[in-house]
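# Structural overview for review
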Amino acid sequence: MPERFTITTPIYYPNDRLHIGHAYTTVAADALARFHRLRGEDVFFVTGTDEHGQKIEDRAGKVGKTPIAYVDEIVADIRDLWQVLGISHDDFIRTTEPRHERVVQEVFRRLEAKGDLYLSQYEGWYCTPCESFWVEGKLVDGKCPSCGGPVARLNEESYFFRLSRYAEPLLKYIESNPEFIQPVSRRNEMVQFIRQGLEDLSVSRTSFSWGIPLPQDPRHIAYVWVDALTNYITACGYLQDEERFRRFWPADVHLVGKEIVRFHAVIWPAILLSLDLPLPKVVYGHGWLLLGEQKMSKSRGNVIDPRQLVQRYGRDAVRYYLLREVPFGADGNYTEDALILRTNVDLANDLGNLLSRTTAMLERFTGGTIPASGRSSLRQQAEETVGRVEERLARLQVSDAVAAVFDLVKRANKYIEEEAPWQLHRAGDPRLGDVLYDLAESLRVIAILLKPFLLDAPDAIFRQLGLGGAQDASLADAAWGGLPAGTQVQRGEPIFPRIETEREGEAAATKAPVKSAGNTLPANDEADMISIDEFQRLDLRVGTILEATPVKGADRLLQLTVDLGEPEPRTVVSGIAEYYRPDALAGTQIVLVANLQPAKIRGVISHGMILAGKTAQVLQIVSPREPLPPGTQIK
Ligand code: MSP
């Protein structure tokens, strides 16, 4: 029997459309689920919706709908969102389903049988957005300490769960299971919280009706958090399918946002202890996506719609950004610029170029046939990368795991520059086959390792390598050497076209000199000015000089071999021989007018012109202040 892996997301409130904060958790859980499937494990990945409670009842009332009609619509929208993002959950649980209502009622019976339930009076405060009870002393300036919103005074009859009884057992459990609450900072917070002593928890309400009635006293509605947390065991088959339940419970990971760790690491385990059920292995509280300084949240109205981003940039770009940008566990700022930059640099430039350069070189040098390989220089790093991804995901370091794959991408790109396959080709060097095999095989391994994170790119890479789709590839297939010699590559479209932004257009506009009265700078005549469109016809790109040699019979000229991120380097003839020694130029970055018509200069065809500034005394090549990937466009 394969190992099993159970992972959950919080079940979301269907009180409004979800935003990228929710997508963040769900995409991360999806990546982990996909990774464990890639390892051949029997995965159970569950998400769903938390549909009861005062918040939903109030919301529905406001728009004149019944609660169920209200949530039905939003739940349909949430399911659709998960489809748009390619979420691969095995179950979607709604707390309004009969299977769940039965379990919640039985849980209340069992808590009572255990002596953990008693009737009393609740007097204190309630935060409806958080569905949380607060004692006076915990309020901050009279507001909810969790969301900062207003709280309401409650004074009603309520059943209580003897949470106080479980403080000691919980502390012991946390101590002997250091993995239980992660990251460590959240564990420390929880330990401190429990050490202050736990008060019994009000677990029923009588002042509204949208929820599950207690079997022992149907005037009382189950507290929505007890209802919600129970979803995890309902989904695993508790009291419905004991065999399935034994297989999939306890969960390996409850992935949640940091604001609800308290519910998952204190209240939930106490309930499970009372029910004599095993506790989840890990509760991981990740950080927040912030917009400016603030948590993105529906009540603040500062939310970003993930669907729009997918429409604009594609699902892989959005998933990649969510998984890669913020170190998992920490808070991070969302900006669309960062999403665009990630896509352009990592996906379009590094990964996309690696694929297009590799397939182009294979087409040109071997007629598209994967050569047999003798010695490999990338094998070790590829193998280490597989290990690194496994190890980092085992510790739920999602962004670091993605980064490990992209380190291999970078290494392979560097390898192209180091080995200069075009030179090996020209020289008839037999190492060419090894180098090309290394590159294609690395791409195959990269595609497999990306399967948990990206959905379309791995398939596209496999197809371009001539391997059909990647859907059947498992982690075991990432072992080096799986690419058969003789496979025919099928070069295709760039897998991640660069995203051009309107802002780039604006930036270009600022390059036009501004005319103003008293301007001492030489002001251009209107007639001399060019339009932005004319400027944009210039294709200026960063290149790296690979080699510089004198041009025979021409004192002022050097012949440069320039890496422009294209499959083959360019030859450029440049009048800089009086200013630079040829042997000092290798590695220098330049800016090239890349779409200049080729010209024959002293018998050498020059494909472009490098930019330089010249005074009476000196000439300086224009270089980016910091290195940029070859091929980067200058705007
Ligand atoms: N219904 C409860 C959870 C019950 S679980 C038994 C709930 N729902 S929620 O709709 O408010 O979703 C909260 C969760 O959504 C967070 O814990 C987190 O996983 C995710 N996020 C919501 N906003 C977020 C950010 N701005 N950033 C990161 N994650 C965010 O709480």
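Structure: see above.
Residues numbered from 1 in each chain as written. Predicted model: local features only at pLDDT ≥ 70, side-chain atom pairs only at ≥ 80, totals over all residues. Heavy atoms only, no water.

### Quick notes on the packing of aromatic side chains
Under the convention used in this document: Two rings belonging to Phe, Tyr or Trp (six-membered ring only in the last case) form a pair when the distance between their centres is within 6.5 Å. Interplanar angles under 30 degrees mark stacking, angles over 60 mark edge-to-face geometry, and anything in between is tilted. Note on conventions: DSSP H or I runs of at least 4 residues are helices, E runs of at least 2 residues are strands, and numbering of each starts at the N terminus. Exposed residues in this analysis have more than 50% of their type's maximum accessible area, buried residues have under 20%, and partly exposed residues fall in between, with area computed by a 1.4 Å probe over protein chains only. The rule for a charge over a ring is simple: NZ of Lys or CZ of Arg within 6 Å of the ring centre, and within 35 degrees of the ring normal.
Applying the stated criterion to the full structure yields 17 aromatic pairs. When the ring of Tyr118 is compared with that of Phe160, the centres are 5.7 Å apart and the planes differ by 15°; the resulting orientation is stacked. Linking Tyr118 in strand β4 (residues 117-127) with Phe160 in strand β6 (residues 152-161), this pair joins segments that are 42 residues apart in sequence. Taking relative accessible area as the criterion, Tyr118 reaches 25% and is therefore assigned partly exposed. Between Tyr173 and Phe180, the aromatic rings sit 5.1 Å apart at their centres with planes inclined by 90°, giving edge-to-face as the arrangement. Note on Tyr173: relative accessible area 22%, which makes it partly exposed. One aromatic cluster is present, built from ring pairs that chain together Tyr232, Tyr238, Phe245, Trp249 and Trp268. The positively charged end of Lys258 is found above the aromatic ring belonging to Trp288, 4.5 Å away from the centroid. Between Arg262 and the ring centre of Phe263, over which it is positioned, the NZ or CZ distance is 4.6 Å.

### A word on the layout of surface pockets
The line we're drawing: Buriedness of a pocket was judged along seven lines, with at least five required to meet protein on both sides within 12 Å; pockets are open sets of points on a 1 Å grid over the protein atoms alone, cavities are sets where a 1.4 Å probe fits but cannot get out, and lining residues have an atom within 4 Å of a point. Grid points are joined across faces, edges and corners, and a volume is the space filled by probe spheres set on the points. For this classification, the nonpolar set comprises Ala, Val, Leu, Ile, Met, Phe, Trp, Tyr, Cys and Pro, the charged set comprises Asp, Glu, Lys and Arg, and every other residue, Gly included, is treated as polar.
Roughly 900 Å³ of volume is contained in the second largest pocket. Lining the second largest pocket are 33 residues; nearest its centre among them are Asn344, Ala348, Asn349, Arg498 and Gly631. If you tally residues by element for the lining of the second largest pocket, the top one is helix α13 (residues 336-366), at 11 residues. Class assignment of the residues belonging to the lining of the second largest pocket gives a composition of 12 nonpolar, 11 polar and 10 charged.

### Points about the sheet that holds β4
Quick note on the threshold: Paired strands are those between which DSSP finds at least two bridges.
Taken together, the 4 strands give an open sheet; going across it, the order is β5-β4-β6-β8, and neighbouring strands pair in antiparallel fashion. The open sheet has two edge strands, β5 (132-134) and β8 (201-202), and neither has a second partner. Bridge count for β4 against β5 is 3 bridges, and the pairing is antiparallel. The residue bridging Trp125 from the neighbouring strand is Trp134, located in β5.

### A short note on helix α14 (residues 379-394)
Note the cut-off: Expected helix span is taken as 1.5 Å per residue step, with the number of steps being one fewer than the number of residues. What the arc measures is the spread of directions leading from the helix axis to the C-beta atoms.
The terminal C-alpha atoms of α14 lie 23 Å apart, and with 16 residues this matches the ideal 22 Å at 1.5 Å per residue to within 8%. Listed as buried for α14 are Ala382, Thr385, Val386, Val389 and Leu393. Here the buried residues of α14 occupy an arc of 100° about the axis, which is enough to place them on one side. Residues of α14 that are exposed and point more than 90 degrees away from the buried face comprise Gln380 and Ala394. Within two residues after α14, Leu396 carries a phi angle of roughly 65°, on the positive side.

### Thoughts on the sheet that holds strand β9 (residues 204-205)
The sheet built from 3 strands is open, its strands ordered β9-β11-β10 with antiparallel pairing. At either end of the open sheet lies a strand with only one pairing partner, and these are β9 and β10 (213-214). Here 2 bridges tie β9 to strand β11 (residues 217-222), and the two strands are oriented antiparallel to one another. Note on β11: the bridge partner recorded for Ser204 is Ala222.

### Quick word on the pattern of salt bridges
Close approach of charged atoms allows side chains of opposite charge to pair. In plain terms, the rule: By convention in these notes, a salt bridge is any Lys or Arg side-chain nitrogen within 4 Å of a carboxyl oxygen on Asp or Glu.
By the definition in use, this model includes 46 salt bridges. When the shortest N-O distance is used, the salt bridge between Lys114 and Asp276 registers 3.4 Å. Separated by 162 residues along the polypeptide, Lys114 in the loop between α4 (98-113) and β4 and Asp276 in the loop between α10 (261-274) and β13 (282-286) bring together distant segments of the chain. Its relative accessible area of 34% is what places Lys114 among the partly exposed residues. Classification of Asp276 by relative accessible area gives exposed; the value is 58%. Close ionic contact of Glu325 with Arg342 constitutes a salt bridge, the shortest N to O distance being 2.6 Å.

### Quick look at helix α5 (residues 167-176)
To be explicit about the condition: We call two residues in contact when some of their heavy atoms are within 4.5 Å.
Listed as buried for α5 are Ala167, Leu170, Leu171 and Ile174. For α5, the angular spread of the buried residues around the axis is 100°, confining them to a single face. Among the exposed residues of α5, those pointing more than 90 degrees away from its buried face are Glu168, Lys172 and Ser176. On its buried side, α5 packs onto β7 (181-182), α6 (184-195) and α10.

### Observations concerning the site of the ligand
Inclusion rule: Being near a molecule or strand, for a residue, comes down to having at least one heavy atom within 4 Å of it. Definition of a polar contact: a pair of N or O atoms within 3.5 Å, with one able to donate and the other able to accept a hydrogen when the atoms are protein atoms, and with sequence-neighbouring residues admitted only if both atoms are side-chain atoms. Note on areas: Shrake-Rupley, 1.4 Å probe, and residue coverage restricted to the protein chains presented here.
Close to the ligand lie 26 residues, the nearest being Ile11, Thr25, Asp50, Glu259 and Leu289. The contact in question runs from an oxygen atom of the ligand to an N or O atom on the backbone of Tyr13, over 3.0 Å. Here the ligand, which alone exposes 660 Å², has 96% of that area covered by the protein. Taken together, the elements giving at least two residues each to the shell around the ligand come down to β1 (4-12), α1 (20-38), α7 (224-229) and β12 (253-257). At 4 residues, the largest contribution of residues to the shell around the ligand is made by α1. Of the residues belonging to the shell around the ligand, the class tally is 14 nonpolar, 8 polar and 4 charged.

### Examining the nonpolar core
Counted only if it meets this: Working definition of a nonpolar core: buried Ala, Val, Leu, Ile, Met, Phe, Trp, Tyr and Cys residues. They are joined through side-chain atoms within 4.5 Å.
Counting residues in each nonpolar core, the largest one holds 110 residues, and the members touching the most others are Trp82, Leu85, Leu351, Phe406, Leu439 and Phe453. Residues within four places of Phe453 in sequence aside, it is in contact with Ala31, Arg319, Leu323, Leu393, Val398, Ala401 and Val402. Counting 65 residues, the second largest nonpolar core, distinct from the first, contains Val104, Leu111, Ile174 and Tyr223.

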